[in-house]
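Single-letter residue listing:
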Amino acid sequence: MKDKRIGVVGVGGVGGYLATMLSREYPHVTVVARGARGEAIRKNGLVLHSDFRADIIARPERVVSSSTELGEQDYLFICVKNYSLEEACRELAGAVGGHTVILPVMNGVDPGERVRAILGRGTVIDSLIYIIAFANPDYSIMLQGDFADIRFGLKNADEGQRELLGRLSDLFTGAGIRHRICEDIELDIWRKYILNCAYNVLTAYYDNTIGQLRSDPVKAGEYEALVMEAYQVGCAKGVHLAPSHAKAIITRFYKELAADATSSLQRDIRAGKPAEIETFSGYLVKEAGRLGIDVPVTERMYRGLQGIRRA
């Protein structure tokens, strides 16, 4: 693994965490970072602040301003926002060979499918990550809470693909990145997606922390409604969801999420940045309409978030 060429595209909260952990262990890591972010990383290295780890400073081998400068990579981690995925993939054409393992670590349920369609080569592994992390004004990364857990897999993986999954697990183990290979990655992605359809949407809609939402019975009830609406859409799409999965997501809201936690959607809207409203609400509203499922709370908050963005 020490000889592997590893590229990380998108070094915000998620990508910054992965790039820091990988750069600490492996000598041939390249990160793509433009402008002031790239200059900060060249000067200070990748800096990770954490609630449950000591601060980490790691220096990647290279910092480039465009994915076109990467060269062919053995492992590629794509950690951009959903609205930037197509552009990012087009720039990655020269970085992907037949042997390249590509891991989109992003929100939503379809990044892997979209990457496969655009790149057409390499092995794209589906994934999700449970993490609360964001970039500070100085481009260091803040990791909140006591967890950062990546999960990955391939639907109906053959023997060769299982070997690739094992090698990726070895890469993560060496870097100290908590992870798990999932037998039903579609199920795990939807469980995370359902969480985010409530967590991101409600925190952004009210611009509240999790603690503020929990303390308001009306808002807490809306959180539960958002979970159940997304759960019903997933079931209708044939995902192997069970009532216990929805119950666990709701229990996590009341008992596990940090009271001061905010969401990436909330922070982006607050800062006036492009935001993944379509990922967390728009996609679900469209799929619900196609499947004939009523999602009134999701639809109301989707329209509300669109209004906030236009204001």
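Up top is the structure these notes are about.
All of the points below concern the structure found in this document. Only a predicted model underlies this, so the values are computations on that prediction, with no experimental measurement involved.

1. Quick notes on the sheet that holds strand β2 (residues 29–32)
In a beta sheet, neighbouring strands are held together by backbone hydrogen bonds and run either parallel or antiparallel to one another.
Move 1: The strand order across the open sheet built from six strands is β5-β2-β1-β6-β7-β8, with neighbouring strands paired in parallel fashion. At either end of the open sheet lies a strand with only one pairing partner, and these are β5 (62–64) and β8 (123–124).
Move 2: Alignment of strand β7 (residues 101–104) against β8, held across two bridges, turns out to be parallel. Bridged to Val 101 within β8 is Thr 123.

2. Remarks on the pattern of salt bridges
Where charged atoms from two side chains of opposite charge come close, those side chains can pair.
Move 1: The final tally for this structure, using the stated rule, is 20 salt bridges.
Move 2: A salt bridge links Asp 207 to Arg 270; the shortest N-O distance between them is 2.7 Å. Here Asp 207, found in the loop between α6 (185–206) and α7 (210–214), pairs with Arg 270, found in helix α10 (residues 264–270); they are 63 residues apart in sequence, far enough to count as distant.

3. Some remarks on empty space enclosed by the protein
Move 1: Following the criterion strictly, the structure yields three cavities of 30 Å³ or more and no others.
Move 2: Its boundaries defined by the atoms lining it, the largest cavity holds a volume of some 60 Å³.
Move 3: Taken together, Pro 104, Met 106, Gly 108, Val 109, Pro 111, Gly 112, Ile 125, Asp 126, Ser 127 and Ile 189 make up the full set of residues lining the largest cavity.
Move 4: Those elements giving two or more residues to the lining of the largest cavity turn out to be α4 (111–119) and β9 (126–135).
Move 5: Residues of the lining of the largest cavity, tallied by class, amount to six nonpolar, three polar and one charged.
Move 6: There is about 50 Å³ of room inside the second largest cavity.
Move 7: In terms of lining, the second largest cavity is formed by Met 106, Asn 107, Gly 108, Ser 127, Leu 128, Ile 189, Lys 192, Tyr 193 and Asn 196.

4. Description of the packing of aromatic side chains
Move 1: Tallied over the entire structure, the rule returns seven aromatic pairs.
Move 2: Relative to Phe 172, the ring of Phe 77 lies with its centre 5.9 Å away and its plane at 50 degrees, an arrangement referred to as tilted. Of this pair, Phe 77 sits in strand β6 (residues 75–78) while Phe 172 sits in helix α5 (residues 159–175), and the two are 95 residues apart along the sequence. Across the pair, exposure class does not vary: Phe 77 and Phe 172 are buried alike.

5. What to know about the nonpolar core
Move 1: Of all hydrophobic cores here, the largest spans 49 residues; its most connected members are Ile 194, Tyr 199, Tyr 223, Val 227 and Leu 265.
Move 2: Those elements that place two or more of their residues in this core are β9, α6, α7, α8 (217–236), α9 (243–255), α10, α11 (277–291) and α12 (296–310).
Move 3: No other element matches α6, which puts 13 residues into this core.
Move 4: The residues touching Tyr 223, leaving out its near neighbours within four places in the chain, are Leu 195, Ala 198, Tyr 199, Leu 202, Phe 253 and Leu 257.
Move 5: Counting 41 residues, the second-largest nonpolar core is a separate cluster that includes Met 21, Val 63, Ala 133 and Phe 152.

Cut-offs used in this document
Residues numbered from 1 in each chain as written. Predicted model: local features only at pLDDT ≥ 70, side-chain atom pairs only at ≥ 80, totals over all residues. Heavy atoms only, no water. Pairing = 2+ DSSP bridges. Helix = DSSP H or I, 4+ residues; strand = E, 2+ residues; numbered from the N terminus. Salt bridge = Lys/Arg side-chain N within 4 Å of Asp/Glu carboxyl O. 1 Å grid on protein atoms, 1.4 Å probe; cavity = no way out; pocket = protein on both sides within 12 Å on 5 of 7 lines; lining within 4 Å. Points joined across faces, edges and corners; volume = space filled by probe spheres on them. Nonpolar A, V, L, I, M, F, W, Y, C, P; charged D, E, K, R; others polar. Phe/Tyr/Trp six-rings, centres within 6.5 Å; stacked < 30°, edge-to-face > 60°. Buried < 20%, exposed > 50% of the residue type's maximum accessible area, 1.4 Å probe, protein only. Core = buried A, V, L, I, M, F, W, Y, C linked by side-chain atoms within 4.5 Å. Contact = heavy atoms within 4.5 Å.

None of the figures reported here should be taken as evidence of function without further support.
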